Amino acid sequence: MEGLMRAGGRALALGNAREAVGCFRRALLLAGGTATPQLRRACAFNLGAAYVEIGKPEKGLEFLLQSQAWEGDGGEHRGDCYFNVGAAHEGLQDFPEALEYFGPCGAAGASGGAGTQVQMGCCYLGMREPGRAAQCFLEAARGYAAAASPEAAAVALSRASTSMLQSRHFGAAEIVEVLARCRSLCESIPDPALRGKLYNNIGLGYSQLHIFSLATESFQQALALCSEESDLRWEAAVLQNLGAAHNTLQSFSTAVGWHRRAVALHGALGNQRAQGQCFGNLAYACSRLRNHQAAMENYLHALQAFRDTGDVRGQWQACEGLGAACFHLGDPQKAIGHYKEAL
C-alpha cells in the first residue's frame, strides 16, 4: 500500500496524473478493512486530488470529502485539503463554493499562497468579476516574485493585465505599469515558448491600449521566439497580430508582407476562419495603398472563408469592403449589390 502511494506521488510529480489515479485507487482498495482510519483517509485524499488533476472534479470531490483529512491533522495538511476541495468545486464551476475553500486554505510558503491566489483569480473570472480577478493575479505575482519564480510571476502579471483590461476599475497607466513589469521579467525566462507567448499577450495588451509602437515591438519579439520553437500555430497568430498592428500604424506596405505570411500559414494549418480574417486585413491594406483590384480579390477570399465557417460578422465586413473596392474600380452597380448584401 505504501509502495503504491509512493508510486502515485512520483507519477503526479512527473505530470502523469492518470497513472497516479491507478496507483492511488489500488492503494485505497488495499486499505479497505486492514489499514488505520488515518491511512484510509490519506489514500482517499490522494485519489481525490488525482481525479481533480485529470479533469474529473465530481469524482475527485467524492473522495476528498470521504477523506475528512483536515479533521485533527496539521495546518499544512488541512491547507492542502481545502485547496484540493476548492479546485474540485472550481472544476464543477461552483465558483462561490470554491472561494469558500480557497480563502482559508493557508498554503505554506510564498509560492503556495500565490498558487491559491491564481485559483481564486480564475474563480472570479468564472463569476465575471475581472476586477477582483486582477487583484488576485497581482497578489499572486508578488508571491511568486518573493519565491524567486520569475516564470510564474510573469504569467500571473500577464493574466492580471488581461483581467484589468476587461474591468472598468483600472486606468491605462496602471495597466501599462503591469505590462512593463511583465515585459521586464520575460528577459529572465529561459523557456523560449513561454517567453514568446508572453510577448504576444503583452502585444495584445498594448494594442487594446492603442500603444501600437510597443505592440509591434512585442509581436516582433514573440515572432522571433515562435520561429525558434517551430510552433506554427503560434507563429500564425503572431503574424496576424503583427500585420493588424501595422495596419493601425498605417504602415500598409509593411503590413502587406505580414498579412501574406499569415494567410499562407493559417491556410497550411487549416485555420479557415483565421485565414479569412487575414485576407480581410490584407484587403484593407491593399485598399489603403489604392490597389483596389487586389483589395477586391482578397475580400472575395475573405468572404468565402467566412461563409464556410458561418461567421456572419466577417461576411458583412467583407461585403462592405467589396462594395468600396467595386466603387473605386468604377462599377457602382456591383458596389450597390455588395452593400445591400452587407446590410
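This is a predicted model, so every value here is computed, not measured. (Residues numbered from 1 in each chain as written. Predicted model: local features only at pLDDT ≥ 70, side-chain atom pairs only at ≥ 80, totals over all residues. Heavy atoms only, no water.)

**Some thoughts on the overall build of the protein chain**
And then number 1: Looking only at helices and strands, the protein chain features 18 helices and zero strands.
And then number 2: Here the C-alpha radius of gyration of the protein chain, 26 Å, is well above what a compact globule of 343 residues would show, namely 20 Å.
And then number 3: Dimensions along the principal axes, computed over C-alpha positions, put the protein chain at roughly 90 × 40 × 35 Å.
And then number 4: Counting over 343 residues, the protein chain shows a buried share of 47%. (Helix = DSSP H or I, 4+ residues; strand = E, 2+ residues; numbered from the N terminus. Rg over C-alpha atoms; globule rule 2.2 N^0.38 Å. Buried < 20%, exposed > 50% of the residue type's maximum accessible area, 1.4 Å probe, protein only.)

**A look at the environment of Cys81**
And then number 1: By secondary structure assignment, the location of Cys81 is in helix α5 (residues 75-91).
And then number 2: Looking at Cys81, the relative accessible area reads 1%, which means it is buried.
And then number 3: The sequence separation of Cys81 and Phe102 amounts to 21 residues, and the corresponding C-alpha distance is 9.8 Å.

**Let's talk about the packing of helix α3 (residues 37-53) against helix α4 (residues 57-67)**
To describe two helices that pack against each other, one gives the angle between their axes and the distance between the axes.
And then number 1: Their axes nearest at 7 Å, the elements α3 and α4 cross at an angle of 160°. Considering the angle they form, α3 stands roughly antiparallel to α4. Crossing of α3 over α4 shows left-handed handedness. Taking contact as the criterion, the partners of Arg41, Ala44, Phe45, Leu47, Gly48, Ala49, Tyr51 and Val52 in α3 are, on α4, Pro57, Lys59, Gly60, Phe63, Leu64 and Ser67.
And then number 2: Here the residues of the contact of α3 with α4 sort into nine nonpolar, three polar and two charged. (Axes fitted to C-alpha atoms, helices over the stretch in contact; angles between N-to-C directions. Parallel < 35°, antiparallel > 145°, perpendicular 65-115°, else oblique. Left-handed = near helix turned anticlockwise from the far one by under 90°. Contact = heavy atoms within 4.5 Å. Nonpolar A, V, L, I, M, F, W, Y, C, P; charged D, E, K, R; others polar.)

**Here's the deal with a positive patch on the surface**
And then number 1: Together, Arg18, Arg25, Arg26, Lys56 and Lys59 make up a positively charged patch on the protein surface.
And then number 2: As for its position among the elements, Lys56 is in the loop between α3 and α4.
And then number 3: Judged by relative accessible area, which is 42%, Lys56 ranks as partly exposed. (Patch = residues over 30% accessible without salt bridge, like charges linked within 9 Å, V, L, I, M, F, W, Y side chains within 5 Å. Areas by Shrake-Rupley, 256 points an atom, 1.4 Å probe, with all protein chains shown as cover. Salt bridge = Lys/Arg side-chain N within 4 Å of Asp/Glu carboxyl O. Lys, Arg positive; Asp, Glu negative; His and termini not counted. Charge placed at Lys NZ, Arg CZ, Asp CG, Glu CD.)

**Brief notes about helix α6 (residues 95-102)**
And then number 1: Restricting attention to buried positions, one finds in α6 the residues Phe95, Ala98, Leu99, Tyr101 and Phe102. Projected down its long axis, α6 carries its buried residues within an arc of 160°, all on one side. (Arc of directions from axis to C-beta.)

**Quick word on unusual backbone geometry**
And then number 1: Even without being glycine, Ala148 reaches a positive phi, approximately 55°.
And then number 2: Residue Gln250 is not a glycine yet carries a positive backbone phi of 65°.
And then number 3: Mapping Gln250 onto the fold places it in the loop between α13 (232-248) and α14 (252-269).
And then number 4: A relative accessible area of 53% means that Gln250 is categorised as exposed.

**Considerations on the domain arrangement of the protein chain**
And then number 1: Looking at the assigned domains, one finds that the protein chain contains domain 1 (1-103), domain 2 (109-210) and domain 3 (232-342).
And then number 2: Interface area, domain 1 with domain 2, both sides summed: about 760 Å², of which 80% is carbon and sulfur.
And then number 3: The largest per-residue losses of area from domain 1 upon contact with domain 2 belong to Phe95, Leu99 and Phe102, which jointly make up 60% of the total buried on that side.
And then number 4: Where domain 1 touches domain 2, the interface holds zero salt bridges.
And then number 5: Linking domain 1 to domain 2 there are zero residue pairs in polar contact (both at pLDDT 80 or more).
And then number 6: Mapped onto the side of domain 1 that touches domain 2, the elements with two or more residues apiece are α5 and α6.
And then number 7: The element that contributes the greatest number of residues to the side of domain 1 that touches domain 2 is α6, accounting for five residues. (Domains from an automatic or database assignment. Buried area = accessible area lost by both parts, 1.4 Å probe. Polar contact = N/O pair within 3.5 Å; in protein donor to acceptor, adjacent residues only side chain to side chain.)

**Regarding the environment of Gln117**
And then number 1: Looking at the secondary structure, you find Gln117 in helix α7 (residues 109-126).
And then number 2: A sequence separation of 74 residues divides Gln117 from Asp191, and the C-alpha atoms of the two residues are 24 Å apart.
And then number 3: If sequence neighbours within four positions are ignored, Gln117 has contacts with Cys136, Glu139 and Ala140.

**Considering the packing of aromatic side chains**
And then number 1: Applying the stated criterion across every chain, the model contains one aromatic pair.
And then number 2: On the basis of an interplanar angle of 75° and a centroid distance of 5.9 Å, the ring pair of Phe252 and Tyr284 is categorised as edge-to-face. One end of the pair, Phe252, is in helix α14; the other, Tyr284, is in helix α15 (residues 272-288), and 32 residues separate them in sequence.
And then number 3: Judged by its relative accessible area of 7%, Phe252 is buried.
And then number 4: Accessibility expressed as a relative area gives 34% for Tyr284, which makes it partly exposed. (Phe/Tyr/Trp six-rings, centres within 6.5 Å; stacked < 30°, edge-to-face > 60°.)

**Considering the nonpolar core**
And then number 1: Counting residues in hydrophobic clusters, the biggest one holds 83 residues, and the most contacted among them are Tyr144, Met164 and Ile202.
And then number 2: Among the nonpolar cores identified, the runner-up in size contains 15 residues, and Leu4, Ala27, Ala50 and Tyr51 belong to it. (Core = buried A, V, L, I, M, F, W, Y, C linked by side-chain atoms within 4.5 Å.)

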